[in-house]
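Structure assessment
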Amino acid sequence: GDGSNSLVLTKLIQGYGRQRLPKIALLRGGTINIAANSCGVRGSPAGLVINLVDKYRQGEAFETSWVDTLRVEKRYGFVFGNGFIHSFLEELYGAGKSPWMAAKLVGKGIGSAMVRGPFAARMFAGIEARVVVDGKEISHRKFAALGAGTVSQIGLGFKAFHRANESPHTFHLLGVLCSPFRFAGSMPRIYRGKKVSDKKMFETVATDVRIESAGPIGYTLDGENYTGPARLT
């Protein structure tokens, strides 16, 4: 699964240093499997293992994808998020981790946003922070969420990071600027990997982002929730 992939990749990168990593097989054993879906990996964990073993025994070439990683503190992964992205996963893990429950929470969040309900207010509490992108401070200070990805998907088929592969060794950075009510109307565009209005979302392609807040920053990396420092890179 995504969290296991992140934990194993972190240890491998720390151990291998500047050496080339071995090939990594993503086996889709998790709840949402963002990295595997973005790389076009389909099938069950057992079926994927059987296919890999058969190819290895028969000397067939493996189909591979090259994907950059994000580094957040000393952890490595593919998708970073805070604000409502972090809040959504906290709700999901409290309710029971499953794709069905994730889809149900998305629907509940959209419905609550439409009527300006308390669930959406809690989910979209957001973050106030100073954000520096590749050495240049951006003008925005309040965000419903900040997200970054080196893969296109953010889960459940939503292609939020459609510019992730635009340039080598970069990631797609997003900052949601609008209210939950206004943001809900953009979900179909995000699902299809389309650009959202600049009034609703700040976006750019970057290599280095620094987030400075008044207190510790809760965030998720590949589905695992962490509490980071007030100054996060």
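Structure: above.
A brief look at the structure comes next.

Side note on the nonpolar core
- Grouped together as the largest cluster of nonpolar side chains are 26 residues, with contacts concentrated most on Phe84, Val176, Phe183, Ile190 and Met201.
- Contributing elements (two or more residues each) for this core: α2 (34-38), α4 (84-95), β8 (171-176) and α8 (187-191).
- Counting 22 residues, the second-largest nonpolar core is a separate cluster that includes Ala129, Val133, Ile138 and Leu221.

Observations concerning the sheet that holds strand β9 (residues 201-206)
- Strand order in the open sheet formed by six strands is β9-β8-β7-β3-β11-β12, with antiparallel pairing between adjacent strands. Each having just a single partner strand, β9 and β12 (224-228) make up the two edges of the open sheet. Along the sheet, successive strands turn relative to each other by an average axial angle of 20 degrees, direction set aside.
- One ladder, built from six bridges, connects β8 with β9; its direction is antiparallel. Among the inter-strand pairings, Leu174 is bridged to a residue of β9, identified as Glu203.

Here's the deal with a nonpolar patch on the surface
- On the surface, Leu27, Val49 and Val53 cluster together into a nonpolar patch covering about 190 Å² of accessible area.
- Mapped onto the elements of the fold, Val49 is located in helix α3 (residues 45-58).
- Note on Val49: relative accessible area 37%, which makes it partly exposed.

Some words on helix α1 (residues 2-16)
- With 15 residues, α1 extends 21 Å from end C-alpha to end C-alpha; this agrees with the ideal 21 Å at 1.5 Å per step.
- Of all the positions in α1, only Asp2, Gly3, Asn5, Ser6, Leu9, Thr10 and Ile13 are classed as buried. Around the axis of α1, the buried residues are gathered within 155 degrees of arc, so they sit on the same side. For α1, the exposed residues set more than 90 degrees away from the buried face come down to Lys11 and Gly15.
- Packed against the buried residues of α1 are α2, β2 (75-77), β11 (217-221) and β12.

About the thresholds
- Residues numbered from 1 in each chain as written.
- Predicted model: local features only at pLDDT ≥ 70, side-chain atom pairs only at ≥ 80, totals over all residues.
- Heavy atoms only, no water.
- Core = buried A, V, L, I, M, F, W, Y, C linked by side-chain atoms within 4.5 Å.
- Buried < 20%, exposed > 50% of the residue type's maximum accessible area, 1.4 Å probe, protein only.
- Helix = DSSP H or I, 4+ residues; strand = E, 2+ residues; numbered from the N terminus.
- Pairing = 2+ DSSP bridges.
- Axes fitted to C-alpha atoms, helices over the stretch in contact; angles between N-to-C directions.
- Patch = residues over 30% accessible without salt bridge, like charges linked within 9 Å, V, L, I, M, F, W, Y side chains within 5 Å.
- Areas by Shrake-Rupley, 256 points an atom, 1.4 Å probe, with all protein chains shown as cover.
- Salt bridge = Lys/Arg side-chain N within 4 Å of Asp/Glu carboxyl O.
- Expected span 1.5 Å × (residues − 1).
- Arc of directions from axis to C-beta.
- Contact = heavy atoms within 4.5 Å.

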